[in-house]
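# Chain and residue survey
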Amino acid sequence: MLHIRNIAIIAHVDHGKTTLVDCLLKQSGTFRENQHESKEERLMDSMDLEKEKGITIRAKNAAFKYKDFNINIVDTPGHADFGGEVERIMNMIDGVLLVVDSAEGPQAQTRFVLRKALEAGAKPIVVINKIDRENANPKKVLDQVFELFMSLNATDEQLDFPFIYCSAKQGYAKVELEHASGTMEPLFDAIVKHIPSPRAKAGDGFQLLVANLDYNEYVGRIAFGKIVEGKVKVGDPAICRHGSGKISKGKITMIYHFEGMKRIEISEAHAGDIVGLAGFEDVFIGETICDSELRATLPYIPIDPPTIQMEFAVNDGPLAGQDGKLVTARHIWDRLVKEIRTNVALRIAQTSDPKVFAVSGRGEMQIAILVEQMRREGYEVLVSRPEVLWKKGPAGELLEPIEKLFVEIPSENLGNIMENLSQRKAQITNMNHVGNQVSVEALVPMRGLIGFETDLVNSTKGMGVMSHLFHEYGPDTGEIAARKNGSLVSMDNGEATSYALNMVQERGRLMVEAGDAIYIGMIVGENARENDIPVNPVKEKRLTNMRSQGDGKGIQLAPPMKLSLERALEYIDVDEFVEATPKNLRLRKKVLDEGLRRRTEKSRVIKFVQE
């Protein structure tokens, strides 16, 4: 046990934690020279989407040997929507590497994760990364990190944190900036020296707190966690204490251990090690697996509640089934059930309509990633606009989720952003001017944040940075104006023609091109005014037997507005759907027929958190 170190790597999005894990795995000699991993980049990003977006979505384990120490390492997500992954990891580890960019300094997400780590009593080592950047200022960043620790009420012992300067991309670390170093050895030594050995005790029997889940077709659910006490062997009888207080009996059928990125089967494991156990089908995060009912339960740690909900519906449009193979309600429900086996921050529920399912999560990015994965697997699905989940207060009053928002913007954009935030019912709590940058802190209703990121990027020309954390459930802030522009809705089926689109584009911005398949009720553009108007994008030019010189020549269509999946989900109104298929993203009205649509008015729907 004295030779085990359990650490997590935490950082804001894009501060280089996955690259750092790569470096540690490669330099510790985990891979042979001729193994393909030794040449790859960002090994921990195992999902295609992680590689494309350059972010970590799922918390993942790896392990390596350094001298005679066995170091277990967990890579955690940096994006606020996946905060559920971070909270649980803190139960497995004894120390954290807090990675901070030497140019940008600690950002909002660093603050959130560090708070969780300090509350859990983990020992931090601060890693100031990217010191090879031209605008790096590592000394100043170190002071900012110290101030961050102070503001989080760290103890004197935690304030005396060790720090290392490094460049994960170039593959070196050093204790002082003047030192010459070509390897990561100073960081390895710091981990072994400063991170305590696991808080666990040897003895008979065993106890494990579940911190992560995986699923395997052959052995079922695998529960990952740290063995808090004793040792475990394959075949041992065991019980699982559920959060509800129920107890289920079973036996350990498999034990997994990590070597590099690979999971390997072992026959027994000891206190302090991070392992995966198979044998319990209905085990959940935060529950205890132990050898007998006589043992005390480890404290159950619940996960933050979901704050937004979207509807997933079966694609019933005229073009359904042309791209995807998996299109029925049963296909979609089975896929959602498979997702929640490992993704614990999501909740799913059936609704009164058998073709519509409710999916709740922590943020629209999290659900958009699920939709994107489903598209790639051949599913077709309709997704509604994100709706916030409300709560009822003690006196029956309405309470809505309030988020703490952190925005960093250039000073010249401050006016626009403040105006935008006031329309979204935000309360500004703090403002700091540093050079020509302004950082703003505000409390905003979750409803007001939907679509804010797009406005921020557009008005600051991509220079604005934002992140947000759940703050509390607060009183209803009243109506928040949704999108200002109406939609151009097609009133005919067929193929879009340049001739018709040329007339349609006078009304607003197009979202389709000539040649696209169009159906009644599909949204083909954004109206310049507030109301929706029916248009005909498939009308063809009438032919006459007279020769005309100028007509039909020189039609110039403006380039269409192409929305990404996340942007489309923010953009649509309450009476619209995004139709996601493997090859296309289309926007459409929920009710395709115009006559029926006029009778059903748009209204604000209030949905509540399932207690």
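Above this text is the structure in question.
Residues numbered from 1 in each chain as written. Predicted model: local features only at pLDDT ≥ 70, side-chain atom pairs only at ≥ 80, totals over all residues. Heavy atoms only, no water.

### Topic: the layout of surface pockets
Size it by volume and the largest pocket reaches roughly 1,200 Å³. Residue lining of the largest pocket: 36 residues in total, with E104, P106, Q144, E408 and S439 positioned closest to the centre. Elements with a minimum of two residues in the lining of the largest pocket: α4 (108–119), α5 (138–151), β22 (398–410), β23 (427–434), β24 (437–445) and β25 (465–475). Residue contributions to the lining of the largest pocket peak at 6 residues, all from α5. In terms of residue class, the lining of the largest pocket is made up of 14 nonpolar, 15 polar and 7 charged. (1 Å grid on protein atoms, 1.4 Å probe; cavity = no way out; pocket = protein on both sides within 12 Å on 5 of 7 lines; lining within 4 Å. Points joined across faces, edges and corners; volume = space filled by probe spheres on them. Helix = DSSP H or I, 4+ residues; strand = E, 2+ residues; numbered from the N terminus. Nonpolar A, V, L, I, M, F, W, Y, C, P; charged D, E, K, R; others polar.)

### Brief notes about the environment of T351
Residue position: T351 is located in the loop between β18 (347–350) and β19 (356–361). For T351, a relative accessible area of 29% translates into the label partly exposed. For the pair formed by T351 and E311, sequence separation is 40 residues and the distance between their alpha carbons is 9.2 Å. Among all residues touching T351, those that are not within four sequence positions of it are V356, F357 and A358. Within the local environment of T351, its side chain forms a polar contact with the backbone oxygen of D353, the two atoms lying 3.1 Å apart. Reaching out from T351, the side chain makes a polar contact with the backbone oxygen of V356 at a distance of 2.7 Å. (Buried < 20%, exposed > 50% of the residue type's maximum accessible area, 1.4 Å probe, protein only. Contact = heavy atoms within 4.5 Å. Polar contact = N/O pair within 3.5 Å; in protein donor to acceptor, adjacent residues only side chain to side chain.)

### A short note on the packing of helix α10 (residues 414–423) against helix α12 (residues 452–459)
It is at 10 Å that the axes of α10 and α12 come closest, and there the two elements cross at 165°. Classified by the angle their axes make, α10 and α12 are roughly antiparallel. α10 and α12 meet at a crossing whose hand is right-handed. Facing α10, whose interface residues are I417, N420 and L421, α12 presents F452, D455, L456 and S459. Of the residues assigned to the contact of α10 with α12, the class counts are 4 nonpolar, 2 polar and 1 charged. (Axes fitted to C-alpha atoms, helices over the stretch in contact; angles between N-to-C directions. Parallel < 35°, antiparallel > 145°, perpendicular 65-115°, else oblique. Left-handed = near helix turned anticlockwise from the far one by under 90°.)

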